[in-house]
Amino acid sequence: TNFSGYFNFNAPLKFLKHRVSISNRFSTNSNFLFVNGIENKTNRINNRVTFSIDNWKKDFIDFEIGTRIGFNNTKYSESTELNQNYVDYQYFTEIDLDFKKDWTFTTNFRYTTYSDEDFGEQVSLPIWRASLSKVFTKSKKMRAELAVFDILDENKNINRTSNINYIQDERIASIGRYFMLTLGYSFSGFGQNSGFGRGRGFH
């Protein structure tokens with residue numbers, strides 16, 4: 001049997017002129033699995049909760065801050081030594097500043113922590129990115145952007161997976177900190193209200 005669901009709730013905080021968002025994505029799985037000839041009933045639960053706050057008025061600054069917690073649990077009816085249980089945490093923030101003369105500065109930071117249960121070690125990954133962009137021409141159709149990826153040079157590209165009969169700790173080689181200069185041109189529309197305009201230029 002399998003069951004999954006998603007819940008999302010948004011509400012304004014009028015006294016702060018901000019909005020709070022809460023979401024929950026979860027799934028359960030029940031099955032039978034043979035381990036060394038022994039029949040086990042397995043129960044697996046994945047649950048991920050996200051909480052964030054962002055501002056209403058976004059004329060100059062647009063920001064979001066929040067946290068995400070993932071719970072992963074697998075239980076065996078007979079081979080209990082194979083039970084799996086681990087938690088991962090992520091704290092994140094993103095800020096966009098729209099200056100005069102069509103300049104935009106964007107930065108985001110994500111700090112992810114994988115607990116040491118089942119995997120043997122706790123791992124923390126701070127990933128910081130930033131970019132500065134400018135829109136050119138009266139029609140705002142051309143944009144130049146300079147972006148910096150992995151500013152702290154800490155990206156290890158870790159991917160951890162827990163399933164019914166295995167756990168996987170994957171490490172992928174990454175190029176680390178690097179810079180990217182991008183020139184873009186928008187062909188859509190005509191006139192001053194078309195083109196890139198203002199807003200988030202980097203993710």
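What you see is a predicted model, and the numbers here were worked out from it, not measured in a lab.

Would you mind showing me how to read unusual backbone geometry here?
Note: most residues except glycine have negative phi, and most peptide bonds are trans. The backbone phi angle of asparagine 36 is positive, close to 55 degrees, even though this residue is not glycine. Examined against the element boundaries, asparagine 36 turns out to sit in the loop between strand 2 (18-35) and strand 3 (38-55). Located in the positive-phi region is aspartate 150, a residue other than glycine, with phi close to 50 degrees. Among the structural elements, aspartate 150 can be located in the loop between strand 8 (142-149) and strand 9 (158-162). Judged by relative accessible area, which is 5%, aspartate 150 ranks as buried.

Got a minute to help me understand the sheet that holds strand 1 (residues 2-13) in this structure?
Consider a sheet: its strands pair through backbone hydrogen bonds, and that pairing is either parallel or antiparallel. Strand order across the open sheet formed by 9 strands is 1-2-3-4-5-6-7-8-11, with antiparallel pairing between neighbours. The two strands at the open ends of the sheet, each matched to only one other strand, are strand 1 and strand 11 (178-185). Neighbour to neighbour, the strand axes of the sheet diverge by 10 degrees on average, direction disregarded. By the bridge criterion, 12 bridges tie strand 6 (residues 103-114) to strand 7 (residues 123-136) in an arrangement that is antiparallel. Within the sheet, the bridge partner assigned to phenylalanine 109 lies in strand 7 and is tryptophan 128.

Cut-offs used in this document
Residues numbered from 1 in each chain as written. Predicted model: local features only at pLDDT ≥ 70, side-chain atom pairs only at ≥ 80, totals over all residues. Heavy atoms only, no water. Helix = DSSP H or I, 4+ residues; strand = E, 2+ residues; numbered from the N terminus. Buried < 20%, exposed > 50% of the residue type's maximum accessible area, 1.4 Å probe, protein only. Pairing = 2+ DSSP bridges. Axes fitted to C-alpha atoms, helices over the stretch in contact; angles between N-to-C directions.

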